[in-house]
Amino acid sequence: MATVVAVLASARKKGWTQQLFERACNGAQKIQGVEVETVNLHDYEISSCKACFTCIRSEDHICTQKDDMGGKGRLFNKVKKANGIILADPVFLWGSSALTHLFLERMYPFIWSGGINGMPFGSISCASNSGFQYQASQDIAKQVFNFGLRYLGAVPVHASYFDQGLKEAEKLGEKMAMAALKDQQEGRQTVTDREKFRIYSQPWNVFRSYMESLTNGSMKFEDSMPQRALKNGVFQREEALAVLEKANEKIREAFELVKRQEYEKAHDVLSDGSALWTEATWREFLELKVIGVKKPKAYRPIDDLF
Ligand SMILES: Cc1cc2nc3c(=O)[nH]c(=O)nc-3n(C[C@H](O)[C@H](O)[C@H](O)COP(=O)(O)O)c2cc1C
């Protein structure tokens, strides 16, 4: 049997989010060979990450906290063994809820182990007041991007079109079940960095968001962090500088491709540039001063980029 872990982040037992969650579970259960394991985050103890970085340093990439998302925690291990995850979240303060953020934050060890890379994932965000369900869905996409989850999409719902939301939640459940079945029967298909830039482009525009981050919103190459760092001679370590220069070249190329409206190629090139930028900052800032080890191989490998 394939297992879909369905996660509910609302404490309201018969609320809007709970109803959508149930419909998604029903959708998944329609598919033979799939079992749905339900979880309400409010029944679990999840502390915030303490940034001790043991999960990066240790070979098994395990969190040492003793709660339900630690290495031996019952929720962490459910996630680890799943063939797919659906998350249903109420919209709080125009974004995803704090408990969802906490849950996803504590999945940090999976970045370093690569343990859930390729696992199917989908989310539902439900609002009933001013809205912002779309942005809440984007929040979740952004938070799970680095795990390499195979993103199946999001269902942003508002009470004002709840019936349509229920139907879409059910469809997401079905889609998830099919993907989970494939995961179980054919084995995990991992997601490459370049693929991530494509599969996360809806509802969260990862390309635009990454460009904004690089330039603090100006969207001008001259303002991009690698370009500024090179100009200002900020990087000191030789092994970091070499990667920074390569990152800068790629990012310059991505900006040029956008000008020429070659968006598909620009996605790939920016993905490469961002992996190099991650490596360069790791070597300059993290390796000696914060973490004490080289970047684990599972996370954004750059071997093919030189
Ligand atoms: C702290 C808090 C913040 C909220 N923020 C929003 C919001 O930004 N937009 C909105 O439409 N509803 C907001 N709501 C309402 C919830 O989204 C509402 O609970 C939602 O419909 C989810 O359904 P449920 O609580 O029945 O699961 C908020 C509720 C709480 C408790």
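Residues numbered from 1 in each chain as written. Predicted model: local features only at pLDDT ≥ 70, side-chain atom pairs only at ≥ 80, totals over all residues. Heavy atoms only, no water.

## Re the overall build of the chain
Right, so step 1: Counting secondary structure elements, the chain contains 12 helices and 5 strands.
Right, so step 2: Relative to its length of 306 residues, the chain is compact, with a C-alpha radius of gyration of 20 Å against a globular reference of 19 Å.
Right, so step 3: Counting only C-alpha atoms and orienting by the principal axes, one finds that the chain spans roughly 55 × 45 × 40 Å.
Right, so step 4: In the chain, which comprises 306 residues, the share counted as buried stands at 55%.
Right, so step 5: Counting contacts in the chain only where the partners sit at least 6 residues apart, residues at least 24 apart contribute 76% of the total.
Right, so step 6: Side chains of the chain give 41 positive and 38 negative charges; the mean places of these two sets differ by 2 Å. (Helix = DSSP H or I, 4+ residues; strand = E, 2+ residues; numbered from the N terminus. Rg over C-alpha atoms; globule rule 2.2 N^0.38 Å. Buried < 20%, exposed > 50% of the residue type's maximum accessible area, 1.4 Å probe, protein only. Contact = heavy atoms within 4.5 Å. Lys, Arg positive; Asp, Glu negative; His and termini not counted. Charge placed at Lys NZ, Arg CZ, Asp CG, Glu CD.)

## Re the domain arrangement of the chain
Right, so step 1: Each assigned domain of the chain is listed here: domain 1 (2-191) and domain 2 (205-305).
Right, so step 2: Between domain 1 and domain 2, a total of about 860 Å² is buried, with carbon and sulfur atoms accounting for 72% of that surface.
Right, so step 3: A per-residue breakdown of the area domain 1 buries against domain 2 is headed by I56, R57 and W112, which together make up 49% of the total.
Right, so step 4: For the pair domain 1 and domain 2, the number of links is 3 residue pairs in polar contact (both at pLDDT 80 or more).
Right, so step 5: Of all the secondary-structure elements, those providing two or more residues to the side of domain 1 that touches domain 2 are α2 (54-57) and α5 (109-113).
Right, so step 6: A per-element tally of the side of domain 1 that touches domain 2 places α5 first, with 3 residues.
Right, so step 7: By residue class, the composition of the side of domain 1 that touches domain 2 is 5 nonpolar, 4 polar and 1 charged. (Domains from an automatic or database assignment. Buried area = accessible area lost by both parts, 1.4 Å probe. Polar contact = N/O pair within 3.5 Å; in protein donor to acceptor, adjacent residues only side chain to side chain. Nonpolar A, V, L, I, M, F, W, Y, C, P; charged D, E, K, R; others polar.)

## A look at the site of the ligand
Right, so step 1: Taken together, 16 residues sit near the ligand, with R12, W16, T17, V91 and W94 positioned nearest.
Right, so step 2: A distance of 2.7 Å separates an oxygen atom of the ligand from a polar atom in the backbone of W16.
Right, so step 3: Between the ligand and W94 there is a distance of 2.7 Å, counted from an oxygen atom to a backbone nitrogen or oxygen.
Right, so step 4: When atom positions are compared with the pocket grids, the ligand is found to occupy the second largest pocket.
Right, so step 5: Every element with two or more residues in the shell around the ligand is listed here: α1 (16-29) and β4 (120-127). (Near = heavy atom within 4 Å. 1 Å grid on protein atoms, 1.4 Å probe; cavity = no way out; pocket = protein on both sides within 12 Å on 5 of 7 lines; lining within 4 Å. Sits in = over half its atoms within 2 Å of the grid points.)

## Section: the layout of surface pockets
Right, so step 1: Considering only enclosed or pocket space, the largest pocket measures out at about 390 Å³ in volume.
Right, so step 2: Looking at the largest pocket, it is lined by 23 residues, and the ones nearest its centre are V191, T192, D193, R300 and P301.
Right, so step 3: Mapped onto the lining of the largest pocket, the elements with two or more residues apiece are α5, α8 (193-199) and α12 (263-291).
Right, so step 4: Counted by class, the lining of the largest pocket contains 9 nonpolar, 7 polar and 7 charged residues.
Right, so step 5: The residue makeup of the lining of the largest pocket includes at least three contributed by each of domain 1 (2-191) and domain 2 (205-305).
Right, so step 6: In this structure, the second largest pocket encloses a volume near 340 Å³.
Right, so step 7: Along the wall of the second largest pocket there are 22 residues; nearest its centre are P90, V91, F92, C126 and S128.
Right, so step 8: Among the elements of the structure, α1, α4 (98-105) and β4 are those that each provide at least two residues to the lining of the second largest pocket.
Right, so step 9: Across the lining of the second largest pocket, the residue classes tally to 12 nonpolar, 9 polar and 1 charged. (Points joined across faces, edges and corners; volume = space filled by probe spheres on them.)

## Here's the deal with the sheet that holds strand β2 (residues 34-40)
Right, so step 1: As summarised here, the arrangement of the 5 strands in space is β2-β1-β3-β4-β5, forming an open sheet in which the pairing is parallel. Every other strand in the sheet has two partners, leaving β2 and β5 (150-158) as the edge strands with one partner each. Going across the sheet, the axis of each strand differs from the next one's by a mean of 15 degrees, ignoring polarity.
Right, so step 2: Relative to β2, strand β1 (residues 2-8) runs parallel, the two being bridged by 7 bridges. Bridge pairing links L8 to N40 in β2.
Right, so step 3: The sheet strands contacting α1 are β1, β2, β3 (84-90), β4 and β5, and the helix crosses β2 at an angle near 165 degrees. (Pairing = 2+ DSSP bridges. Axes fitted to C-alpha atoms, helices over the stretch in contact; angles between N-to-C directions.)

## Considering helix α9 (residues 206-215)
Right, so step 1: Among the residues of α9, those classed as buried are V206, F207, Y210, M211, L214 and T215. Summarising the axial view, the buried residues of α9 lie within an arc of 155 degrees, below the 170-degree limit, and thus occupy one face.
Right, so step 2: Those residues of α9 that are buried lie in contact with α8, α10 (225-231), α11 (238-259) and α12.
Right, so step 3: Where α9 terminates, the next one or two residues include N216, which has phi positive at roughly 50 degrees. (Arc of directions from axis to C-beta.)

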